[in-house]
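Fold and contact review
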Amino acid sequence: MLSCAQEKELTIRTSFYENSKEFLLSDDPDLLDMLDYVLTLEYPVSIVSSDGNNYPELCEQIQRDMLERIFGKEATDAAYKGKLAKDPMVREHEDAFVTRSKNLVLDRNEKIKKEYLQQFGLRDKNGETFKSLGHKVYLHEVVCFLAYHYKDIISYHTHWNINQYGKAHSYERGYNYALDGQLISEKEFFIEEGITEILPQLLTEEFERYPMTAKIPHFQAQIIPNGNFKLSPKGIIYMYDAGEIADAQHGILRITLPWEKVEDILQ
């Protein structure tokens with residue numbers, strides 16, 4: 001499946017990879033906990049500028065970075081052949097991804113289960129804690145390439161959603177690439193004065209102005225830029241993890257800075 005997004009300077013063609021699986025976390029029949037694995041990838045297959053230049057190396061770099069962030073650097077270095085569009089190659093990495101995910105889940109399993117049991121007082125008929133609560137452990141990852149760019153910078157973001165025993169953990173990360181494949185940092189995107197003085201003011205104003213966040217108390221007098229941003233047609237979107245700038249119950253918070261308000265502080 002292909003999609004196409006065209007702006008004034010670049011034409012970006014993307015393709016999709018989707019897969020989902022369900023795994024038992026243990027061979028022990030008494031342990032009923034499951035891992036649901038869902039992966040959605042939108043990745044670039046062609047980037048062409050209006051003057052006819054092609055950027056296959058940039059496509060390959062973004063594809064490789066995507067795989068590394070999902071499956072880990074070691075697995076990606078071992079198997080990557082620059083052809084993410086070949087579904088079997090992606091599947092080669094999925095076993096490593098699931099193993100890593102299982103380990104992360106199991107590392108936290110006992111602590112989470114203990115907290116859950118203490119909270120709800122669950123015990124079996126002999127007064128012992130249940131060996132398994134019979135709850136699913138739900139893991140969902142979305143990696144989405146955003147077919148949008150500002151001048152010579154291409155932006156995409158990753159979204160993770162992990163739910164374990166009713167406790168949800170989500171986070172998002174933005175990645176912004178120059179046409180030479182280098183990641184653009186906050187310091188390279190904004191002038192110094194913009195980061196230290198203007199951005200905190202703009203972030204706070206937009207947070208307090210937008211109806212969805214206006215009534216949410218934030219921890220600091222001014223919201224500080226955290227380097228985690230992505231580009232969109234409406235402007236620059238800053239993403240804050242749950243509990244980073246406001247109470248964790250509000251989840252991920254996003255603040256959009258309109259292009260017209262930031263154009264004077266861009267490099």
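The rules we used
- Residues numbered from 1 in each chain as written.
- Predicted model: local features only at pLDDT ≥ 70, side-chain atom pairs only at ≥ 80, totals over all residues.
- Heavy atoms only, no water.
- Helix = DSSP H or I, 4+ residues; strand = E, 2+ residues; numbered from the N terminus.
- Buried < 20%, exposed > 50% of the residue type's maximum accessible area, 1.4 Å probe, protein only.
- Contact = heavy atoms within 4.5 Å.
- Areas by Shrake-Rupley, 256 points an atom, 1.4 Å probe, with all protein chains shown as cover.
- Salt bridge = Lys/Arg side-chain N within 4 Å of Asp/Glu carboxyl O.
- Core = buried A, V, L, I, M, F, W, Y, C linked by side-chain atoms within 4.5 Å.
- Pairing = 2+ DSSP bridges.
- Axes fitted to C-alpha atoms, helices over the stretch in contact; angles between N-to-C directions.
- Expected span 1.5 Å × (residues − 1).
- Bend = angle between axes of the 7 residues up to and from the residue.
- Phe/Tyr/Trp six-rings, centres within 6.5 Å; stacked < 30°, edge-to-face > 60°.
- pLDDT = per-residue confidence, 0-100.

Observations concerning the overall build of the chain
- Assigned secondary structure in the chain consists of 6 helices and 9 strands.
- In the chain, buried positions account for 46% of the 267 residues.
- Pairs at least 24 residues apart make up 56% of the contacts formed inside the chain by residues separated by at least 6 positions.
- Of the roughly 14,500 Å² that the chain leaves accessible, carbon and sulfur atoms contribute 49%.

Considering the pattern of salt bridges
- Considering all chains together, one arrives at 4 salt bridges under this definition.
- For Glu 206, the salt bridge is made with Arg 209, and the minimal N-O distance between the two is 2.7 Å. Of the two residues, Glu 206 and Arg 209 both sit in helix H5 (residues 192-209), 3 residues apart, roughly one turn of that helix.
- Classification of Glu 206 by relative accessible area gives buried; the value is 4%.
- Of the charged contacts, one joins Lys 261 and Glu 206 as a salt bridge, the two residues approaching to 2.6 Å between their closest N and O atoms. Of this pair, Lys 261 sits in helix H6 (residues 259-262) while Glu 206 sits in helix H5, and the two are 55 residues apart along the sequence.

A closer look at the nonpolar core
- Counting 27 residues, the largest nonpolar core has Phe 189, Phe 190, Ile 236 and Tyr 238 as its most contacted members.
- Those elements giving two or more residues to this core turn out to be H5, strand S7 (229-231), strand S8 (235-240), strand S9 (253-258) and H6.
- By residue number, the principal contributor to this core is H5, which donates 5 residues.
- Apart from the residues within four sequence positions on either side, Phe 190 is in contact with Ile 195, Leu 199, Ile 236, Tyr 238, Ile 265, Leu 266 and Gln 267.
- Residues Tyr 37, Tyr 43, Tyr 156 and Tyr 175 belong to the second largest nonpolar core, which totals 19 residues.

Notes on the sheet that holds S9
- Read from one edge of the open sheet, 3 strands run S7-S8-S9, paired in antiparallel fashion. Two strands close off the open sheet at either side, each with one partner strand: S7 and S9. With direction set aside, neighbouring strand axes in the sheet form an average angle of 25°.
- In terms of strand pairing, S7 meets S8 through 3 bridges, oriented antiparallel. Within the sheet, the bridge partner assigned to Phe 229 lies in S8 and is Tyr 238.
- Seen against the sheet, H5 touches S8 and S9 and runs at an angle of roughly 110° to S9.

Some details on H5
- Its 18 residues give H5 an end-to-end C-alpha distance of 25 Å, which sits within 8% of 26 Å, the value for a rise of 1.5 Å per residue.
- Along H5, the largest kink reaches about 50° and is centred on Ile 198; proline Pro 200 follows within four residues of it.
- Taken residue by residue, H5 has Gly 194, Ile 195, Leu 199, Pro 200, Leu 202, Leu 203, Thr 204, Glu 206 and Phe 207 as its buried positions.
- On the buried face of H5, the contacting elements are helix H4 (186-189), S8, S9 and H6.

Let's talk about the packing of aromatic side chains
- In total, this model carries 8 aromatic pairs according to the counting rule given.
- On the numbers, 5.5 Å between centres and 35° between planes, the contact of Phe 189 with Phe 229 is tilted. Of the two residues, Phe 189 is situated in helix H4 and Phe 229 in strand S7; the sequence distance between them amounts to 40 residues.
- Owing to a relative accessible area of 1%, Phe 229 belongs among the buried residues under this scheme.
- Ring pairing ties together the aromatic residues Phe 189, Phe 190, Phe 229, Tyr 238 and Tyr 240, which thus form one cluster.

Looking at the pairing of S8
- Judged by how many residues are buried, S8 sits mostly within the fold: 6 of 6 residues are covered.
- What sits between the antiparallel neighbours S7 and S8 is a turn of 3 residues.
- Relative to S9, S8 is paired through 6 bridges, and the arrangement is antiparallel. Directly across from Gly 235, in S9, lies its bridge partner Pro 258.

Quick look at the side chain of Thr 204
- By the element assignment, Thr 204 lies in helix H5.
- Leaving out residues up to four positions away in the same chain, Thr 204 has contacts with His 218, Ala 221, Gln 222 and Ile 223.

Notes on the confidence of the model for the chain
- Residues at a pLDDT of 70 or more form 62% of the chain, whose mean pLDDT is 75.
- The model gives residues 1-7 a pLDDT under 50, and that stretch makes 23 contacts with residues more than four places away or in other chains.
- Counting interchain partners and residues more than four positions distant, the pLDDT-below-50 stretch residues 82-89 has 14 contacts.

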